[in-house]
Amino acid sequence: MRFDIVLRVATKFILAPLLLFALYVQFHGDYGPGGGFQAGVIAAAAVILYGLIVGLAPVQRLVPMGLLEVMIPGGVLIYMAVGIASFFLGDNFLDYDHLAHDAVHGQEWGVFLVEIGVFVTVSSTMVAIFYAFAGRGRS
Amino acid sequence: MTAHFSQSATILLMVAGLYIVIARGNMVKKLIGLSMFQSSVYLLYILPGKLIGGTAPILGAGYSVYANPLPHVLILTAIVVGVATLALGLTLVVRIKEAFGTIEEDEIAGDMRSDGSKPGRGRKSA
Amino acid sequence: MIASHLPVLLIIVPLLGAVLAALSRHGFVAWLVALLASAATMAVAFALLWRVQAEGLISYRIGGWAPELGIEYRIDAVSAFIVVLVSAIAFLTMIYARRSVLAEISAERVAWFYTMLLLCVAGLLGIAATGDAFNAFVFLEVSSLATYTLIALGRDRRALVAAYQYLIVGTIGATLYVIGVGLIYLSTGTLNIGLIVERLASLQGSRALTVAEAFIVVGIALKLALFPLHAWLPNAYAYAPSAATVLLASTATKVAVYLLARYLFTVFGGDIDVGAIPISAILIGLSVAAMFIPSAAAIFQNDVKRILALSSVGQIGYITLGLALANQTGLTGGLLHLFNHALMKGAAFMAIGAVVYRAGTARLDDLSGIGRTMPWTVAALTIAGLALIGVPGTSGFVSKYYLILGALEAGLGWLAILIVASSLLAVLYVGRIVEVVWFREPAAVARECREAPLELLLPMWILAGATIWFGIDAEWPVGLAASAARVLLGGAP
């Protein structure tokens, strides 16, 4: 498959819009359907598509397994850090009311930050699952 | 039947999924059955949340009827759990295939009995 | 500041520990993180217990959302009882784990092992702490997924199959549970257990609720390995790494029992027969079957881990029997046995883990006379075994005594006789182990062994010591269990 010219060229055109779409879904999650989970899966799909076309070794140079192993717990850490930050502002866990000057903006900021954590964990987990299965029986 | 079409579909998925888990010996097929079984739960929660003529639960001028967002949130969580379970299950099947050379339960059961009767320890392939 | 956030810290601390252990990617650092996190969790749990005893029910709203919309954590005497048990066992397991894990798990996986161990603890504590039916499902799956991974890390290739079988059964159980919760949600429009209780009062006799209760009870029964649904348990316990087995045997099924009690008593009311299903009669029948059949099967096993695992299925029978009796004394006995069994089974699995650490096998044939080279380890195993039988002077006696009183109180004298009779089966399987390890001539394996290292002996003897201590002075656990039973039966917290 990696020498198929149609797939290679088509992938080149798709990859950038795919990543951009992931970012759109991520940041538009405040106003419409979307959010870190969906965006993470879309971003992971871009990486996986690239991996399918160029093979496992090149994609692992781009997104190494070591990076994923930091990103998976790292995203959870971001999520928890936002939750724990509420403690210091006098609120309950994951209560974002005092993250900004008023409750509405506080909630928006809180969800925004939490969604970044979700994005990091979900995208890296999806890619890690792909690596785990794709790399089996070759190394 | 048509009056309760969605409920019937839920029950069909539930029972068919569970039947596959019980009746098949192939470990991948069992996992497929398990996923079907879990999908029925998604339907069970989602269906009553949907109102006829309701929109997505996003504030906007001119919309007053909207679907209940809570079941969707719950089921998003349940789907994540389902995906995690399926991924872990498939990982185990891959490892079992490497260790036993088969994914048929009855053949593995025989291998496990013979493992038990010999004193050696350790996995044949890691 | 900390005092008001205790209920949620119970979950955050082990979860944060799991994340840091995963980030460290270094075996020793991960162990240190796990040890500190579990020590902090235990401190939080005891603080919660103290506050519950002083103030009663503690409610905590995640994100500040009202219970109708958000998730509420509710800690009452029952939750606090379970939380203290789980976190204390988790801490002792962490002390035990370092040497044991180094011997059993390849170096690059050690950090992940502690991550999974902490995730499992976080999930189990979450089930006990949450007051939200769906959130309990999520925590159930968090702990279960971690458990499947832990079992699969066992060094025998059969561990993979055991993990797979548990995954299938565990997922079916959790899914049945969540179907039941879904039916309750459709009937009441809420997932908060406190609100469900209020709204169910007007729905008595609804067929949806009868079906929901059936789904929930069967689903949880799969997770707690109630007798005919226990097939996953012996393999899972036998092939998991020793440290994981200790944690699972002492906590996982116990938390499932908590969830069952929560639904039978708090949600569906003190009269646990809902609709046409005589749940208490079924539960008594299955409990009695569990007391006899798996225990009898244990007598013919050759692997000590399997003997102890089958014995666990039998002992769970006593605990569910306590629930089924549904009177103050019987329920106290059931909960007390839950507590005592966690301690004695923890000690027993730690001891056999230490034997595996030195001798490399848990097969009874190979272990003859090992008591002469590993006297402290085998003595702990023996004490745990005596407690499993229910010998006076051990904690097992106290809890069985309460169960017998509860059975007599319920007017079921024959049940009291069966409790005593089933203990004779424990005499047989424990006696067989004791005979082989103490009184046979040492085999080649046993002669080469040395006593287990102090790191393994210390937590083992804390549990074995507690087993004896609570057999002589049972006031503290009985007090905890009795107040938990009062809360379950509808008294003031």
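Computed from a predicted structure; not experimentally measured.

**Focus: the overall build of chain A**
Turning to step 1, where the next piece is worked out: The helix and strand inventory of chain A stands at five helices and zero strands.
Turning to step 2, where the next piece is worked out: Across chain A, helices and strands are ordered from the amino to the carboxyl terminus as α-α-α-α-α.
Turning to step 3, where the next piece is worked out: Along the first, second and third principal axes, the C-alpha set of chain A runs to 60 × 30 × 20 Å.
Turning to step 4, where the next piece is worked out: Split into buried and exposed, the 139 residues of chain A put 37% on the buried side.
Turning to step 5, where the next piece is worked out: Partitioning the intrachain contacts of chain A with sequence separation of at least 6 by distance along the chain shows that 64% fall at a separation of at least 24.

**Structural notes on the environment of C:Gly406**
Turning to step 1, where the next piece is worked out: By secondary structure assignment, the location of C:Gly406 is in helix 15 (residues 395–409).
Turning to step 2, where the next piece is worked out: Distance in space between the C-alpha atoms of C:Gly406 and C:Asn327 is 6.7 Å, their sequence separation being 79 residues.

**A short note on the environment of A:Val114**
Turning to step 1, where the next piece is worked out: If you trace the backbone, A:Val114 turns up in helix 5 (residues 103–134).
Turning to step 2, where the next piece is worked out: Each C-alpha atom of the pair A:Val114 and A:Ile78 lies 6.9 Å from the other, and the pair is 36 residues apart in sequence.

**Some remarks on the interface of chain B and chain A**
Turning to step 1, where the next piece is worked out: Contacts between the two partners involve five residues from chain B and, on the opposite side, five residues from chain A.
Turning to step 2, where the next piece is worked out: Classifying every residue of the side of chain B that touches chain A gives four nonpolar, one polar and no charged.

**A word on the environment of C:Ala208**
Residue and element names in this part refer to chain C.
Turning to step 1, where the next piece is worked out: Here Ala 208 lies in helix 8 (residues 207–224).
Turning to step 2, where the next piece is worked out: By C-beta crowding, Ala 208 is classed as partly exposed, having 14 other C-beta atoms within 10 Å.
Turning to step 3, where the next piece is worked out: For the pair Ala 208 and Leu 10, spaced 198 residues apart in sequence, the C-alpha separation works out to 34 Å.
Turning to step 4, where the next piece is worked out: For Ala 208, the contacting residues outside a window of four places in its chain are Leu 183, Leu 186 and Ser 187.

**Some details on the packing of helix 4 (residues 65–88) of chain A against helix 1 (residues 6–24) of chain C**
Turning to step 1, where the next piece is worked out: Running from N to C, helix 4 of chain A and helix 1 of chain C point in directions that differ by 150°, and their axes come no closer than 9 Å. Considering how the two elements wind past one another, helix 4 of chain A and helix 1 of chain C form a crossing that is left-handed. Contacts between helix 4 of chain A and helix 1 of chain C involve A:Val70, A:Pro73, A:Val76, A:Leu77, A:Met80 and A:Ile84 from the first element and C:Ile12, C:Leu15, C:Leu16, C:Val19, C:Ala22 and C:Leu23 from the second.
Turning to step 2, where the next piece is worked out: Of the residues assigned to the contact of helix 4 of chain A with helix 1 of chain C, the class counts are twelve nonpolar, no polar and no charged.

Quick notes on the rules
Residues numbered from 1 in each chain as written. Chains lettered and ligands numbered in written order. Predicted model: local features only at pLDDT ≥ 70, side-chain atom pairs only at ≥ 80, totals over all residues. Helix = DSSP H or I, 4+ residues; strand = E, 2+ residues; numbered from the N terminus. Buried ≥ 20, exposed ≤ 12 C-beta atoms within 10 Å, placed from the backbone. Contact = placed C-beta atoms within 7 Å. Nonpolar A, V, L, I, M, F, W, Y, C, P; charged D, E, K, R; others polar. Axes fitted to C-alpha atoms, helices over the stretch in contact; angles between N-to-C directions. Left-handed = near helix turned anticlockwise from the far one by under 90°.

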